[in-house]
Amino acid sequence: MSLSLLSDQPIGIYAAGILSASNFLLGLNVSRLRMSTNKSIGVDDQDLNSPLTKAVRAHGNHAEYTPTAISLMLFMEAKQLIKSPGGHTGTRAMVVMRACMIAYVLARLSITCGLLSPNSLAKVSPFRRLGAVLNYVLGIALSVGLVTV
């Protein structure tokens, strides 16, 4: 990925779209599994290998964090447009923030893969662990970036 792509493209808008779509897809997966198991509410907390339990956890985890991240990304992109209407929005700091936005999307994908993997939820997979750490680190970076960039 070239640096120029990160300098003038509203990556936050694209990231928000991907994160929003993935939230709806994860919810659709829960609905699909609920229909196939005839379980309209709740999950079997005793069965950490249950596809429904994993799907509900993946959707719930995604829905917990992504709205805040989406807000941070969109406010940051809006702030850049206000500072440079119609002009160059690719300051060095904003390029770093846009790289963080891309990394955040990948971190969410990592968590989702870890939660939906064939492994039991009782065992934390490397994908889940990496995604969780990046979720917090990048979320904090985006929060700080919003007020400093």
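Conventions adopted
- Residues numbered from 1 in each chain as written.
- Predicted model: local features only at pLDDT ≥ 70, side-chain atom pairs only at ≥ 80, totals over all residues.
- Heavy atoms only, no water.
- UniProt positions renumbered as here; feature names shortened; annotations may be inferred.
- Helix = DSSP H or I, 4+ residues; strand = E, 2+ residues; numbered from the N terminus.
- Core = buried A, V, L, I, M, F, W, Y, C linked by side-chain atoms within 4.5 Å.
- Buried < 20%, exposed > 50% of the residue type's maximum accessible area, 1.4 Å probe, protein only.
- Contact = heavy atoms within 4.5 Å.

Taking an unreviewed UniProt entry as the reference, the protein is identified by name as MAPEG family protein belonging to Naegleria lovaniensis. Under the UniProt heading Subcellular location (unreviewed entry), the entry covering the protein gives this text: "Membrane".

### Remarks on the UniProt feature "transmembrane region" (unreviewed entry) in the protein
Sites flagged by UniProt as "transmembrane region" (unreviewed entry) map to residues 12–30 and 129–148. Within the segment residues 12–30, helix and strand shares are 100% and 0% respectively, and the terminal C-alpha atoms sit 27 Å apart.

### A closer look at the nonpolar core
The biggest cluster of nonpolar side chains holds 20 residues, and the ones touching the most others in it are Met73, Met76, Met97, Met101, Tyr104 and Leu142. Breaking this core down by element, the ones donating at least two residues are α2 (11–37), α3 (51–83), α4 (92–116) and α5 (126–148). Ranked by residue count, the leading element in this core is α4, at seven residues. For Met101, the contacting residues outside a window of four places in its chain are Ile11, Gly12, Ala15, Met73, Met76, Glu77, Met94 and Leu142. Core analysis: the second largest hydrophobic core is formed by five residues, Leu26, Ala58, Leu115 and Leu121 among them.

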